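The residues making up each chain are set out below.
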Amino acid sequence: VRPALDHRQRTPQALAPFHRQPVGPSLKPRAHFFGDSFTAGQGDPEGLGWVGRIAARMPKIDFANHGVPGAPSSYVVQSWLETELDPQRSELAIFMFGTNDAVLAIDEDETLMAMERALDRAEDLGTPVFVLGPPPVGDCGAADAALADLSSVMWQVATMRAVPFLPTIEALGPGSTWHAEAQAGDGSHPGAGGYAELTELLRTGGLTEWMLAMTAR
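Residues numbered from 1 in each chain as written. Predicted model: local features only at pLDDT ≥ 70, side-chain atom pairs only at ≥ 80, totals over all residues. Heavy atoms only, no water.

Colleague: Teacher, can you tell me more about the overall build of the protein chain here?
Modeller: When you go through the protein chain residue by residue, the secondary structure sums to 10 helices and five strands. Scored against the burial criterion, the 217 residues of the protein chain give a buried share of 51%. In the protein chain, the share of contacts with a sequence separation of at least 24, taken over all contacts with a separation of at least 6, comes to 80%. Carbon and sulfur atoms provide 55% of the accessible area of the protein chain, an area that totals close to 9600 Å². (Helix = DSSP H or I, 4+ residues; strand = E, 2+ residues; numbered from the N terminus. Buried < 20%, exposed > 50% of the residue type's maximum accessible area, 1.4 Å probe, protein only. Contact = heavy atoms within 4.5 Å. Areas by Shrake-Rupley, 256 points an atom, 1.4 Å probe, with all protein chains shown as cover.)

Below, the structure is given as structure tokens:
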């Protein structure tokens, strides 16, 4: 019997308070990652997830992982809105959300409004932003069908706002290491191999190149 999924058990009210990242003395560029359990790296026995694997390749950039298991898009974006940035250093914001919205049957328009709020703040602050499409739920075909549609619309919004966007749902579907490990585990979260696969997808899809370009300005 599979254990109950974390993102199915928790509601926004049950999530932990936002963690404010302290402003330290380092002037290294800093990348903020906002998302849910996939951003937090849930299920990875190595404790790295995709964010930790990218961080290991980019020692000249500080990483702040704001991933919260169970978080819908509204919570993820609120965390970004309440995160204090350091005006003395270059800051980036990377988002991956939407999967829990499908699980919780949150209307697509609400997800898109949250995305617009996130992009509005980034534009107001002049913070470079990159949006990653939501990964699949894995063990719920109806939710994954909705996520495929959501990812497509999010891509359209990002394009209209001149924001880079990289879809993930097809690459992490059936036939992928991500999918195989998730099915062998709790149904949604992969192990180390799946997160390594996603890391490579993000690398070849332009995320790391974009991060280097944005922090070199």
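Colleague: Whenever I open this one, the pairing of strand β1 (residues 30-35) confuses me. Can you help?
Modeller: Side-chain direction in a regular strand flips from residue to residue, so the side chains alternate between the two faces of the sheet. Judged by how many residues are buried, β1 sits mostly within the fold: six of six residues are covered. In β1, alternate side chains face the same way, and those of Arg-30, His-32 and Phe-34 on one face and Ala-31, Phe-33 and Gly-35 on the other are all buried. Sheet topology places β1 next to strand β2 (residues 62-65); four bridges connect them, and they run parallel. By the bridge assignment, Phe-33 is partnered in β2 with Asn-65. In this sheet, strand β3 (residues 91-96) lies alongside β1 in parallel orientation, the contact comprising six bridges. (Pairing = 2+ DSSP bridges.)

Colleague: Teacher, can you tell me more about the side chain of Thr-83 here?
Modeller: Turning to its location among the elements, Thr-83 is positioned in the loop between α4 (73-81) and β3. Setting aside residues up to four positions removed in sequence, Thr-83 forms contacts with His-32, Phe-34, His-66 and Arg-121.

Colleague: Please explain helix α7 (residues 141-160) as it appears in this structure.
Modeller: The α-helix advances 3.6 residues per turn, and as a result positions three or four apart in sequence lie on the same side. In this model, α7 (20 residues) spans 29 Å end to end at C-alpha, consistent with the 28 Å of a helix rising 1.5 Å per residue. Among the residues making up α7, those that are buried are Ala-143, Asp-144, Leu-147, Leu-150, Ser-151, Met-154, Val-157 and Ala-158. Projected down its long axis, α7 shows its buried positions confined to an angular sector of 125°, all on one face. Set apart from the buried face of α7 by more than 90 degrees, the exposed residues are Gly-141, Ala-142, Thr-159 and Met-160. Among the structural elements, α5 (99-103), α6 (108-125), β4 (129-132) and β5 (165-166) are those in contact with the buried residues of α7. At the C-terminal side of α7, Ala-162 shows a positive phi close to 60°. (Expected span 1.5 Å × (residues − 1). Arc of directions from axis to C-beta.)

Colleague: Is there a simple way to think about the packing of α6 against α7 in this case?
Modeller: In a packed pair of helices, the relevant descriptors are the angle between the two axes and the axis-to-axis distance. Two elements in contact, α6 and α7, have axes separated by 11 Å at closest approach and are oriented at 30°. In this view, α6 runs roughly parallel relative to α7, as classed from their interaxial angle. Seen along the crossing, α6 lies across α7 with a hand that is right-handed. Residues Glu-108, Thr-111, Leu-112, Met-115, Glu-116 and Leu-119 of α6 lie in contact with α7, whose contacting residues are Asp-149, Leu-150, Val-153, Met-154, Val-157 and Ala-158. (Axes fitted to C-alpha atoms, helices over the stretch in contact; angles between N-to-C directions. Parallel < 35°, antiparallel > 145°, perpendicular 65-115°, else oblique. Left-handed = near helix turned anticlockwise from the far one by under 90°.)

Colleague: What is the right way to look at the side chain of Asp-86 in this model?
Modeller: Turning to its location among the elements, Asp-86 is positioned in the loop between α4 and β3. Here Asp-86 is buried and forms no salt bridge, its nearest opposite-charge partner Arg-89 lying at an N-O distance of 4.6 Å. Within the local environment of Asp-86, its side chain forms a polar contact with the backbone nitrogen of Gln-88, the two atoms lying 2.8 Å apart. (Lys, Arg positive; Asp, Glu negative; His and termini not counted. Salt bridge = Lys/Arg side-chain N within 4 Å of Asp/Glu carboxyl O. Polar contact = N/O pair within 3.5 Å; in protein donor to acceptor, adjacent residues only side chain to side chain.)

Colleague: When you look at the packing of aromatic side chains in this model, what are you seeing that I'm missing?
Modeller: To describe a pair of aromatic rings, you give the distance between the ring centres and the angle between the ring planes. Tallied over the full model, the rule gives 10 aromatic pairs. Between Trp-80 and Phe-95 the ring centres are 5.8 Å apart and the planes differ by 80°, which places this aromatic pair in the edge-to-face class. Of this pair, Trp-80 sits in helix α4 while Phe-95 sits in strand β3, placing them 15 residues apart in sequence. When sorted by exposure, Trp-80 lands in the same class as Phe-95, which is buried. Consider the rings of Phe-130 and Trp-210, whose centres lie 5.3 Å apart with planes at 70°: the pair is edge-to-face. Note that Phe-130 is positioned in strand β4 and Trp-210 in helix α10 (residues 207-215), a separation of 80 residues in sequence. Overall, Phe-130 belongs to the buried group, its relative accessible area being 4%. The class for Trp-210 is buried, based on a relative accessible area of 12%. Members of the aromatic cluster, each reached through a chain of ring pairs, are Phe-34, Trp-80, Phe-95 and Phe-97. A cation over a ring is seen here: Arg-121 above Trp-80, with NZ or CZ 4.5 Å from the ring centre. (Phe/Tyr/Trp six-rings, centres within 6.5 Å; stacked < 30°, edge-to-face > 60°. Lys NZ or Arg CZ within 6 Å of the ring centre and 35° of its normal.)

Colleague: In this structure, what is going on with the confidence of the model for the protein chain? I would like to understand it.
Modeller: Detailed reading of predicted coordinates is not advised where the pLDDT is low. In the predicted model, the protein chain carries a mean pLDDT of 90, and the fraction of residues at 70 or more is 88%. Within the model, the stretch residues 1-14 combines pLDDT values under 50 with 28 contacts to residues more than four positions away or in other chains. (pLDDT = per-residue confidence, 0-100.)

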